[in-house]
Amino acid sequence: MRIGLYPGTFDPITMGHIDIIRRAAVLVDRLVIGVAINRDKGPLFDLEERVAMLDAECAALSEQTGIEIVVHPFENLLIDCARDVNATIIVRGLRAVADFEYEFQMVGMNRALDDSVETVFLMAEARHQAIASKLVKEIARLGGDVSKFVTAPVRRELTAKFKTRK
């Protein structure tokens, strides 16, 4: 069984993430969405909120693709998370050259830690390449329309989050 791990903070999940999940699902028999706790990033949504949003989005994607997609929070090294879920493939999405430079370094380190885990890069579709969770949050915070960048349920979560912060 080929198990893939797609890690990220997903704060919040965007159409770019969904695009990568949908395309990664056809490469593996089981796809684990690793939700990084990463307290240093100071996420807008807490872990439980991010997991709930991902669970909802991934349930629909799992039904569409016929592939088991599960959400798995983690706070350890990525390579250790891959071992924990028996993943032999780490899936990373790329938007731009700057992403590649960082990811290139990460692949080298992960291979040094465990060369049995392979990393696969998927380019975001052109219409999703500019989408970044950080920018989506900023647009939502300032009252802009994020409907092109996130699903309706995630948009509602963003709207509610910023209403409570005012």
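Residues numbered from 1 in each chain as written. Predicted model: local features only at pLDDT ≥ 70, side-chain atom pairs only at ≥ 80, totals over all residues. Heavy atoms only, no water.

Peer 1: Explanation requested: the overall build of the chain in the structure shown.
Peer 2: In terms of regular secondary structure, the chain is built from six helices and five strands. Scanning the chain from its N terminus toward the C terminus, one meets helices and strands in the order β-α-β-α-β-α-β-α-β-α-α. A globule of 166 residues ought to have a C-alpha radius of gyration of about 15 Å, and the chain, at 16 Å, matches this closely. If you line up the chain on its principal axes, its C-alpha atoms span 50 × 35 × 30 Å. (Helix = DSSP H or I, 4+ residues; strand = E, 2+ residues; numbered from the N terminus. Rg over C-alpha atoms; globule rule 2.2 N^0.38 Å.)

Peer 1: Mind showing me how you'd approach the packing of aromatic side chains here?
Peer 2: Two numbers describe a pair of aromatic rings. These are the distance of the centres and the angle of the planes. Applying the stated criterion across every chain, the model contains three aromatic pairs. With a centroid separation of 5.7 Å and 35° between ring planes, the pair formed by Phe 100 and Phe 104 is classed as tilted. Pair noted here: Phe 100 and Phe 104 are both in helix α4 (residues 97-113), with a separation of four residues, about one helical turn. Among the aromatic residues, those joined into a cluster by ring pairs are Phe 100, Phe 104 and Phe 121. (Phe/Tyr/Trp six-rings, centres within 6.5 Å; stacked < 30°, edge-to-face > 60°.)

Peer 1: For this particular structure, what's the right way to read the side chain of Glu 103?
Peer 2: With respect to the secondary-structure elements, Glu 103 resides in helix α4. Setting aside its immediate chain neighbours within four residues, Glu 103 contacts Arg 92, Leu 94 and Phe 121. (Contact = heavy atoms within 4.5 Å.)

Peer 1: Quick question: what am I supposed to make of the environment of Arg 141 here?
Peer 2: Within the fold, Arg 141 resides in helix α5 (residues 133-141). Each C-alpha atom of the pair Arg 141 and Ala 87 lies 36 Å from the other, and the pair is 54 residues apart in sequence.

Peer 1: What is the right way to look at α5 in this model?
Peer 2: Side chains of residues three or four places apart in an α-helix project in the same direction, reflecting 3.6 residues per turn. Of the residues making up α5, those classed as buried are Ser 133, Val 136, Lys 137 and Ala 140. Across the axial projection of α5, the buried residues extend over an arc of 100°, all falling on one side. Remark: Gly 143 follows α5 within two positions and exhibits a positive phi of approximately 85°. (Buried < 20%, exposed > 50% of the residue type's maximum accessible area, 1.4 Å probe, protein only. Arc of directions from axis to C-beta.)

Peer 1: Help me out: how do you make sense of unusual backbone geometry in this one?
Peer 2: Peptide bonds are mostly trans, and most non-glycine residues show a negative phi. Of note, the amide linkage connecting Asp 11 to Pro 12 takes the cis form, showing an omega dihedral of 0°. Positionally, Pro 12 belongs in the loop between β1 (3-8) and α1 (15-25). Backbone geometry at Phe 10 places phi at a positive 55°, although glycine is not the residue there. On the secondary structure map, Phe 10 appears in the loop between β1 and α1. With a phi close to 60°, Asn 86 is a non-glycine residue in the positive phi region. Structurally, Asn 86 can be placed in the loop between α3 (78-84) and β4 (89-94).

Peer 1: What is the right way to read the environment of Asn 38 from this model?
Peer 2: Tracing the backbone through its elements, the reader meets Asn 38 in the loop between β2 (30-36) and α2 (47-65). Sequence separation between Asn 38 and Val 70 is 32 residues, and the spatial gap between their C-alpha atoms is 19 Å.

Peer 1: I would appreciate a short explanation of the sheet that holds β1 in the present structure.
Peer 2: Paired through backbone hydrogen bonds, the strands of a sheet run either parallel or antiparallel to each other. Reading across from one edge, β3-β2-β1-β4-β5 is the order of the five strands in this open sheet, with parallel pairing throughout. The open sheet has two edge strands with one neighbour each: β3 (68-74) and β5 (118-123). Along the sheet, successive strands turn relative to each other by an average axial angle of 30°, direction set aside. Summarising the sheet, β1 and β4 pair through two bridges and their orientation is parallel. By the bridge assignment, Leu 5 is partnered in β4 with Ile 90. Those strands touched by α1 are β1, β2, β3, β4 and β5, and its axis lies near 125° from that of β5. Against the sheet, α2 touches β2 and β3, its axis set at about 165° to β3. (Pairing = 2+ DSSP bridges. Axes fitted to C-alpha atoms, helices over the stretch in contact; angles between N-to-C directions.)

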